[in-house]
Amino acid sequence: MENKFKRILYGGDYNPNQWPKDVWDEDMRIFKDARINSATINVFSWARIQPAEEVYDFQELDEIVEMLGRENYDIVLATSTAALPAWMVKRYPEVARTDYEGRHHKFGQRHNACPNSPVYQKYAKALAAELAKRYGSNKHIACWHINNEYGGECYCEKCEKAFRVWLRKKYQTLEALNKAWNLEFWGHTIYDWDEVVLPNALSEGLENDKTAFAGISIDYRRFNSDSLLGNYVMERDAVREYDKETPITTNLMGTFKGLDYFKWAKEMDIVSWDNYPSYDTPWSQTAMRHDLMRGLKDQPFMLMEQTPSQQNWQPYNSLKKPGQMRAQSYQTIAHGADTIQFFQLRRSVGGCEKFHGAVIAHVGNEDTRVFREVKQLGAELEKLADTTLGAVNEAEVGIIFDWDNYWALEYTSGPTVDLKYVEQIHQYYKYFYEHNIAVNMIPYDADFSKYKVVVAPVLYMVKEGMQEALEAFVEKGGILVTTYMSGIVDQSDNVHLGGYPGPLGRMAGIWVEEIDALAPEQTNSVVFNDGEEAAGRLVCDIIHLRGAESVGNYGSDFYAGSPAVTRNQYGNGIVYYIGTNMNEDGLGKVMEMAAGDAKVKPAVEIETGLEITCRKKGGHKYYFVINFKDDEIEMPDCFAGCKDMLSGETIRGGEILSKYDVKMICVEERV
Amino acid sequence: MENKFKRILYGGDYNPNQWPKDVWDEDMRIFKDARINSATINVFSWARIQPAEEVYDFQELDEIVEMLGRENYDIVLATSTAALPAWMVKRYPEVARTDYEGRHHKFGQRHNACPNSPVYQKYAKALAAELAKRYGSNKHIACWHINNEYGGECYCEKCEKAFRVWLRKKYQTLEALNKAWNLEFWGHTIYDWDEVVLPNALSEGLENDKTAFAGISIDYRRFNSDSLLGNYVMERDAVREYDKETPITTNLMGTFKGLDYFKWAKEMDIVSWDNYPSYDTPWSQTAMRHDLMRGLKDQPFMLMEQTPSQQNWQPYNSLKKPGQMRAQSYQTIAHGADTIQFFQLRRSVGGCEKFHGAVIAHVGNEDTRVFREVKQLGAELEKLADTTLGAVNEAEVGIIFDWDNYWALEYTSGPTVDLKYVEQIHQYYKYFYEHNIAVNMIPYDADFSKYKVVVAPVLYMVKEGMQEALEAFVEKGGILVTTYMSGIVDQSDNVHLGGYPGPLGRMAGIWVEEIDALAPEQTNSVVFNDGEEAAGRLVCDIIHLRGAESVGNYGSDFYAGSPAVTRNQYGNGIVYYIGTNMNEDGLGKVMEMAAGDAKVKPAVEIETGLEITCRKKGGHKYYFVINFKDDEIEMPDCFAGCKDMLSGETIRGGEILSKYDVKMICVEERV
Amino acid sequence: MENKFKRILYGGDYNPNQWPKDVWDEDMRIFKDARINSATINVFSWARIQPAEEVYDFQELDEIVEMLGRENYDIVLATSTAALPAWMVKRYPEVARTDYEGRHHKFGQRHNACPNSPVYQKYAKALAAELAKRYGSNKHIACWHINNEYGGECYCEKCEKAFRVWLRKKYQTLEALNKAWNLEFWGHTIYDWDEVVLPNALSEGLENDKTAFAGISIDYRRFNSDSLLGNYVMERDAVREYDKETPITTNLMGTFKGLDYFKWAKEMDIVSWDNYPSYDTPWSQTAMRHDLMRGLKDQPFMLMEQTPSQQNWQPYNSLKKPGQMRAQSYQTIAHGADTIQFFQLRRSVGGCEKFHGAVIAHVGNEDTRVFREVKQLGAELEKLADTTLGAVNEAEVGIIFDWDNYWALEYTSGPTVDLKYVEQIHQYYKYFYEHNIAVNMIPYDADFSKYKVVVAPVLYMVKEGMQEALEAFVEKGGILVTTYMSGIVDQSDNVHLGGYPGPLGRMAGIWVEEIDALAPEQTNSVVFNDGEEAAGRLVCDIIHLRGAESVGNYGSDFYAGSPAVTRNQYGNGIVYYIGTNMNEDGLGKVMEMAAGDAKVKPAVEIETGLEITCRKKGGHKYYFVINFKDDEIEMPDCFAGCKDMLSGETIRGGEILSKYDVKMICVEERV
């Protein structure tokens, strides 16, 4: 693999256009103090750089680029197309979106362009081309940043027509479409492509987030993701025409539901994303999101945005405590980031993000706690130079994450409204996180043979080819863990007939006859073979063994004593099936069996409560040891005597890490 | 009375059109095993049988009818008009509905036709006629099923115009309309029929379920119920033209708020309904709904739909436990059903109901618990043959249920938002249910003289003629129980002036001066004359005796010591008035007095916790004894020695019923 | 000051137009018994008095006026323009409003006219003129009442165009507008006035009550308040043309968010308002609202509406207990009212307010508790005659209340969603209320020099001139108390750069570096210098002393030990700054220091739990002593021997007041 950058980009969103010139000089002085070496510019300036349909005005942007170049910044240059200029909406109202309620919008907010608007496409593409023509050869441009946080939906007539074309291309015949969507149900059979309507509150939509025909709604989501991806590709190609080398990205948003990021990543030179945990987000969830973002291309990524301290758009925007931003930044690098970028460098004076944290606060100077922390981190990163750039995160465990599944599972009507995809995946991820076992978040069509263990929680939708791939993986000795609500439907959301879990049944050695749903006030329990018990909630599969053995049985209800968790030898491998949503102890017990069967190795054998991660490069292992717990924790003995790359000091035996303390250790890799 | 059917119809919704032909044969084989003898077909096939405006295609339906006929099924033939074909909405967008928010809908979902659309009317009627012409003489057609679960509202311009016509017919003059709706309030007086607008979110609607003018909104509900009823009658008449004999129905939904079912039932040959209790619905509420559905025509009814086990559209769709479906089915028969039909016979492969339970599960064979339970019940019902068909449920107690009241009470602004009509009625029903006292749910204009006790909870709206009818009933010795929030308004939602409870005041012998509202955290209490106390909530009437005696007084607040519950001798009868929403004990105490005064007889004298119901036919009494409690319960001694018609075994003294156990006993009626 | 009236107006809304004539006579008889001397008429009669575009019909109104005149009533004559006649909406649909969702409304409800509709303006103005022409010289007209409870918003195209004109007048240039709204953010820069769109759900609106650009949304609120005020002024001027003397008002609604009442009051001859506390509204909050209404003009006001007992539109509409209405009425007078008027005199027979309390209940006679209480109060007020009319409420404490602040604070995105303006202000008001210290609620541009203490809670927006005015106030010895979330933005919602609390920083002697947000489950604490502790919630400012001293420090988190509350000597005065939302004890402690520094005098020195208020007139002090507590409370000794003006009896030493007891005492003022 080749490194995208020469140093860790350290900087973030910078909007000098919102400020008078004298502030620019002050910015340069202060940023230098913090070792800031990069700035993301031109993110929301369309109206400024194209003040009218026939006029471009790059004078100010030239000055900004020139200033940053002079200071040797790595510039991340955005294309400004994520918010329409007012004049365009006024002249061409069609460029605005029509929402889920069927309301056509006026000018306002951002992410407001209909992706299938020819007007939008024309001007967005032209702008990207103009920018590339002008700045494509500037050696300070380190990365192109197309648009910003793509997302949202449009239900206008242009999209409806485009949807029909998309469908015709996919299904070829109306017969195929009627079958895929099972339109015979409720007599929805169509006889003309033009009878297709977009699924929103005026058609198939039920309440806000359900649908009468999941097949239609899932296809709409695929189409919408593709439409926005089309916008991205269009701008990317326009840029590439004038700049053949600089990496091109757009900033993603972790487990954001709207877009199939695995598909997107194929079109991106490098993945970048914006990390905004809440005050109560578990650190394991943030770690999982990093791993997912890394997993999109199985390559290092850019941390395009994080806040130095506070957000503004969450209900309760707590400050980051001293050390927290630094710990969060190293966690990011530990999980594969090659950049640390903030939103934003200077706190804005007005608009709805004026309370969003920034490197320079409203006070306007460097005499703040937050700045000092940014500065400390800057000095450390400068010292690291290119050490970790391009380093690899290796994992023996893969967890399948699939946007089709995400959509399908959350659209489904029954058996319970409480199944949330990300929450479900996170429960399984967490086990490995807490045991310092590296995980790759992988797509449904990954090369499973790279892993000892593949975990496929709530693998509701099993698409064509997956059965064969997973069976082959297990046959050759792989360990597969799957759960309730798996193997139910195919790619069109039609049920795999013949009994649950459908295509997974043979390898799991079971048949699930019924799926009970438990209300929030109800629990069952799992009694393991060793007598230990764990609570089960949400759903309870009633399982019949078809070759598998039971690992634990239900403790109550009419199916008490029947298998709740099973284990099946299949070829040289093993399939675990978990029939109910167990509490952490129960789940951990099963994962431990699976990890044990596979002889999966943690980063460090001793469990301490510290997050310990490892990246490898050039024959070296770089360990990141972080304390995210409230208690003080002792470093594992194995690191005693090693040097902490951040402080330069040698780690003592029994050395204590306080909350948010970080150590980074380099160890020679033994082959 | 004449029986509608020759045997208990046992079957349900069947959609072979959604399946390949080889599945049809398998269905027939499996259904036979379960003694299924009936299928409801063609419920949602409009697009299939009329693929274009000028084309009918009955080939597949012919095959289905032929197959079922060959197997000697009693076919319930639906008309398929409850979901528009896509082509119709595309060609005639006006057929779709305009919702409460004023949004005109596109193609999607079901129950989507504007009832006043001439296009819809034309094609629905034509389709019904075509079906009747083709299948009307087929002897296997046991019942016609018009449309499906009529409901929903439309606020389009066509409906607005139709509403004006409906009003002109009802009120004749604008003066009468202005007076009925009290339009002088807020200066809403109108001078032209065309000034009337439908009451939705764009006009008189307040929030989602309130209104500035209840008079308008209640009339709109009456109009909308009539509009949909007009659709039903139109199809019914079209069918009747070609089939003079087969009973015609449409499936109702218990206490569904949208339609005045008493008015609908007059147009139906037999009532049918769909029974979908939630996992936490009290069994007494299900019983009440059965009694209401029976009460619509005071005749046995069809259970058109229930699920063999699971639903999909509730938040938490629990399985039915072993025995539960059977117990629920016998409860249904006990309360007056002559059929047991499921939705559906085979679980569908896609669409939003794919997780709805069915006789044949996704596994596709008969080797399931649910199938075995269906089969056991089928065998039992086959044995019963026509024994209970047409049998009568007799009751000495009538509870008034009135849709106008339902609407008016829940529209009213003040004194509290917590008055829910069905919940209120159920509280009073429950007393009788738990004492094995049969109840008829009766309309406001019932022949009260058939009853010893009439209960009229929250009889908010007292329409013309009711005062006279109720006074006559009491004068002749009847016992009337009524409550807070009764006698307040007339049929137009205008207050009966002169003091609450208006027309009920004279017979109740009281005057209610004020109605206090209690917030959820507040309670008062009722101190009965014997010193016992019961909590009172929701509202507290401040009552003055005008001839009545106090049965219990308030325990606190400034009206402590004043009457909370009263009893008045009126003619040869008695009127009880309950001034506050008491807890179960307090309410039970008053109901016991009333039942005692009337010497009402329970099905069986001993209270055990079992549900005991009785139907009569041909000189025989059929007792249904069901245990819906978690505990084991002893059978009443009076049944010792009798034969259980279901098991064929003799009931022992002290015999125990476990949860969901059912006994059915035949006893000779002593004249 | 001159008295507006000759006696305390005692009466209220009266709608004989909704009743037959025989009821009118009965009304007159009953009202006389209650000493009712005033009626507010013609509030919602537009459709009646103008039955068609070209027709006025005042016959009935003439009769009503004539009847009331004959009985020597002081008539409050409304203009009926708060609800459109149906014919107008039918003929000119544009007169109706377009709502926040962008939906244009049909006929219905009230407050339904677009304020910028030329049609509405034409006919409303013409009607007001017609009324004034006809009744302007009638000596019984004591007050004109324009429209009714102005409020609500319109987002139609007419309003959009009017908004652009309003903006052009305010900002003159697009440059100024772009800067004020910080439109460079998200590239919203506009180049043409016609690019401005109204901020609703289709443009800048986020969820229901947030916005992407607070600057735009605040200006829209100002514009909308001005638009409605324009409607008021238009009618007022039309009336004034024909009636040069009679006071003109419209009824306001306390802390209603929609309108800038300080601006409105400038156009009103006398403030009037409608007081509708809920069953759980603290009495201190009602007192605060009275003080605010009095503060609008710093003059006595009219209590235009209160209910004799019950409301209908709240969730739980409890009865007023015996004595409660009387106590509430005297509280109203105590805080500055010169009238006591009810909504309404006779309870209506239909429409959504039929359960709203009235002097005459649905029973229709005077034999009710509520009537007897109205009658007792009437007798007392008649005895008071003009004693208190025009009397002054003096206060040494001013609390700033500012609608711009209200809007800006609640629009702001971050740091927490839990900041509610009225709730915040009330916390500080409550301290003074409980210590019998009179408060004036004052505008942001008040003459602060009238006060010893100025309290400015959450003074988020500090507009031009305020810094100078507040500094001058403090320099001359004033005590200023301000809090977290103060000094943040200017009048355009752009941040005061240079560090929080911006323009308040110098006088407060502090710099706030960061603002932490606490989730509802989190607390910090304040440890005062004397060791006492108080809980802190919501937000915690991290404060640096810049001359101030710390009064209490934080007890926990990383900023434990840093100042939470500060005190700064500035010139001859002192500024207190409160950095976190303390509980009542903590807040009281700081307020006590401030009140102590200023030597503020309570109405009566001894604290008893009684509400004690004082109005002055003609050398007399009128004390109002009211017990709003559940317990019995002893009168302060200082009143022993004085005469209670209401009962005429002498107050004994140690005399006990039960709940809702009221005493009114006149004392000679010592100069």
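The rules behind each value
- Residues numbered from 1 in each chain as written.
- Chains lettered and ligands numbered in written order.
- Predicted model: local features only at pLDDT ≥ 70, side-chain atom pairs only at ≥ 80, totals over all residues.
- Heavy atoms only, no water.
- Axes fitted to C-alpha atoms, helices over the stretch in contact; angles between N-to-C directions.
- Helix = DSSP H or I, 4+ residues; strand = E, 2+ residues; numbered from the N terminus.
- Parallel < 35°, antiparallel > 145°, perpendicular 65-115°, else oblique.
- Contact = heavy atoms within 4.5 Å.
- Nonpolar A, V, L, I, M, F, W, Y, C, P; charged D, E, K, R; others polar.
- Least-squares fit on C-alpha atoms with pLDDT ≥ 70 in both.
- Expected span 1.5 Å × (residues − 1).
- Buried < 20%, exposed > 50% of the residue type's maximum accessible area, 1.4 Å probe, protein only.
- Pairing = 2+ DSSP bridges.
- Polar contact = N/O pair within 3.5 Å; in protein donor to acceptor, adjacent residues only side chain to side chain.
- UniProt positions renumbered as here; feature names shortened; annotations may be inferred.
- Right-handed = clockwise from strand over helix to strand, strands pointing away.
- Salt bridge = Lys/Arg side-chain N within 4 Å of Asp/Glu carboxyl O.
- Buried area = accessible area lost by both parts, 1.4 Å probe.

Moving on, we come to the packing of helix H10 (residues 283–297) of chain C against helix H14 (residues 421–434) of chain C. Residue and element names in this part refer to chain C. Between H10 and H14, whose axes approach to 9 Å, the crossing angle comes to 100 degrees. In terms of orientation, H10 and H14 fall into the roughly perpendicular class. Contacts between H10 and H14 involve Trp 283, Ser 284, Gln 285, Ala 287, Met 288, Arg 289 and Asp 291 from the former and Val 422, Ile 425, His 426, Tyr 429, Lys 430 and Tyr 433 from the latter. Across the contact of H10 with H14, the residue classes tally to 7 nonpolar, 3 polar and 3 charged.

This paragraph deals with the relation of the copies chain C and chain B. The two chain copies are related to each other by a rotation about an axis together with a translation along it. Rotating chain C by 120 degrees about the axis while translating it 0.1 Å along that axis superimposes it on chain B, leaving an RMSD of 0.0 Å. When the rotation and shift are considered jointly, the pair of chain copies conforms to a three-fold rotation axis. Taking C-alpha positions as reference, the residue of chain C nearest the rotation axis is Arg 103 of chain C, located at 5.4 Å.

Turning next to helix H10 (residues 283–297) of chain A. Residues and elements named next belong to chain A. Across its 15 residues, H10 extends 23 Å between first and last C-alpha, which sits within 8% of the 21 Å expected from 1.5 Å per residue. Here H10 lies mainly inside the structure; 14 of its 15 residues are buried. Asp 298, located one to two residues past H10, shows a positive phi value of around 50 degrees.

Moving on: the sheet that holds strand S1 (residues 9–13) of chain A. In sheet architecture, strand pairing relies on hydrogen bonds along the backbone and comes in two forms, parallel and antiparallel. All names here are of chain A. The sheet built from 9 strands is open, its strands ordered S7-S4-S3-S2-S1-S11-S10-S9-S8 with parallel pairing. A strand with exactly one partner marks an edge of an open sheet, and here the two such strands are strand S7 (248–249) and strand S8 (251–252). In this sheet, strand S11 (residues 337–342) lies alongside S1 in parallel orientation, the contact comprising 4 bridges. Pairing of Leu 9 across the sheet is with Thr 339, part of S11. In the packing of helix H5 (residues 118–135) onto the sheet, contacts are made with strand S3 (74–78) and strand S4 (141–145), and the angle to S4 comes to roughly 175 degrees. On top of the sheet, H10 reaches S8, strand S9 (272–274) and strand S10 (301–305); it is set at about 125 degrees to S10, its chief contact.

What follows deals with helix H11 (residues 324–334) of chain B. All names here are of chain B. The buried count for H11 comes to 11 of 11 residues, which makes it a mostly enclosed element. Inspection of H11 places Gln 324, Met 325, Arg 326, Ala 327, Gln 328, Ser 329, Tyr 330, Gln 331, Thr 332, Ile 333 and Ala 334 among the buried residues, and these make up the whole buried set. Downstream of H11 by a residue or two, Gly 336 has a phi angle that is positive, lying close to 125 degrees.

With that out of the way, let us pick up the side chain of Glu 53 of chain C. Residues and elements named next belong to chain C. Here Glu 53 lies in the loop between helix H2 (46–49) and helix H3 (59–70). Exposure remark for Glu 53: the relative accessible area of 16% places this residue in the buried category. At 2.4 Å, the side chain of Glu 53 and the side chain of Tyr 92 are in polar contact. Contacts of Glu 53, omitting those with residues within four sequence positions, involve Trp 87, Arg 91, Tyr 92 and Tyr 123.

This part takes up the UniProt feature "binding site: substrate" (unreviewed entry) in chain A. Mapped onto this numbering, the UniProt entry annotates "binding site: substrate" (unreviewed entry) at Arg 110, Asn 148 and Trp 313 of chain A. Other than its neighbours up to four places away in sequence, Arg 110 of chain A contacts Phe 44, Ala 82, Ala 83, Asn 148, Glu 149 and Glu 353 of chain A together with Trp 186 of chain C. By secondary structure assignment, the location of Trp 313 of chain A is in the loop between S10 and helix H11 (324–334). Overall, Trp 313 of chain A belongs to the partly exposed group, its relative accessible area being 47%. When neighbours within four sequence positions are excluded, Trp 313 of chain A is seen to be in contact with Tyr 276 and His 356 of chain A together with Ser 413 of chain C.

The next subject is the pairing of strand S1 (residues 9–13) of chain C. Residues and elements named next belong to chain C. In terms of residue burial, S1 counts as a mostly covered element, since 5 of its 5 residues are buried. Pairing of S1 with strand S2 (residues 38–41) involves 3 bridges; the strand directions are parallel. Considered in S2, the bridge of Gly 11 is made with Ser 38. This β-α-β element, S1 to helix H1 (residues 21–33) to S2, shows right-handed connectivity.

This paragraph deals with the pattern of salt bridges. If you walk through the whole model with that rule in mind, you get 166 salt bridges over all chains. Glu 160 of chain A is paired through a salt bridge with Lys 106 of chain B; the nearest N and O atoms lie 2.8 Å apart. Of this pair, Glu 160 of chain A sits in helix H6 (residues 157–171) while Lys 106 of chain B sits in the loop between helix H4 (86–91) and helix H5 (118–135), on two different chains. Using a relative accessible area of 9% as the deciding quantity, one classes Glu 160 of chain A as buried. Across the salt bridge formed by Arg 326 of chain B and Glu 380 of chain B, the nearest N and O atoms sit 3.0 Å from each other. Separated by 54 residues along the polypeptide, Arg 326 of chain B in helix H11 and Glu 380 of chain B in helix H12 (residues 369–384) bring together distant segments of the chain. Glu 380 of chain B matches Arg 326 of chain B in its accessibility class, with the two residues each being buried. Each of Lys 170, Asp 219, Arg 222, Asp 402, Asp 404 and Lys 463 of chain A takes part in salt bridges that share partners, so that together they form one network.

In this section: the UniProt feature "domain: Glycoside hydrolase family 42 N-terminal" (unreviewed entry) in chain A. Within this numbering scheme, the UniProt entry marks residues 13–384 of chain A as carrying the feature "domain: Glycoside hydrolase family 42 N-terminal" (unreviewed entry). The straight-line gap between the two end C-alpha atoms of residues 13–384 of chain A is 22 Å; of that span, 41% is helix and 10% is strand.

A common measure of how large an interface is: the accessible area buried when the components associate. Residue-level contacts link 55 residues of chain C with 50 residues of chain A. Across the chain C/chain A interface, buried area totals approximately 4,600 Å², and carbon plus sulfur atoms make up 55% of it. On the chain C side of the interface with chain A, the three residues burying the most area are Glu 184, Trp 186 and Leu 202 of chain C, jointly 16% of the side's total. At the junction of chain C with chain A, the criterion picks out 6 salt bridges. One can count 32 residue pairs in polar contact (both at pLDDT 80 or more) joining chain C with chain A. Element by element, the count of residues in the side of chain C that touches chain A is highest for strand S16 (residues 510–517) of chain C, at 6 residues. Grouping the constituent residues of the side of chain C that touches chain A by class yields 26 nonpolar, 15 polar and 14 charged.

This next bit is on the sheet that holds strand S24 (residues 620–626) of chain A. Residue and element names in this part refer to chain A. One open sheet accounts for 3 strands, arranged S23-S24-S27; its pairing is antiparallel. Every other strand in the sheet has two partners, leaving strand S23 (611–617) and strand S27 (662–668) as the edge strands with one partner each. Shown here is a sheet whose adjacent strand axes are inclined to one another by a mean of 20 degrees, direction ignored. In the sheet, S24 pairs with S27 via 7 bridges, with the strands oriented antiparallel. Note that in S27 the partner of Val 625 across the bridge is Lys 663.

Attention shifts here to the interface of chain C and chain B. Chain C puts 49 residues into the contact, and the matching count from chain B is 55 residues. Both sides of the chain C and chain B interface together cover about 4,600 Å² of buried area, and 55% of this is carbon and sulfur. On the surface where chain C and chain B come into contact, there are 6 salt bridges. Between Glu 184 of chain B and Arg 48 of chain C there is a salt bridge, with its nearest N and O atoms 2.8 Å apart. Across the chain C-chain B interface, the total number found is 33 residue pairs in polar contact (both at pLDDT 80 or more). Elements that contribute at least two residues to the side of chain C that touches chain B include exactly H2, helix H4 (86–91) and helix H12 (369–384) of chain C. When residues in the side of chain C that touches chain B are grouped by element, the largest group, 3 residues, is from H4 of chain C. The class makeup of the residues in the side of chain C that touches chain B is 21 nonpolar, 16 polar and 12 charged.

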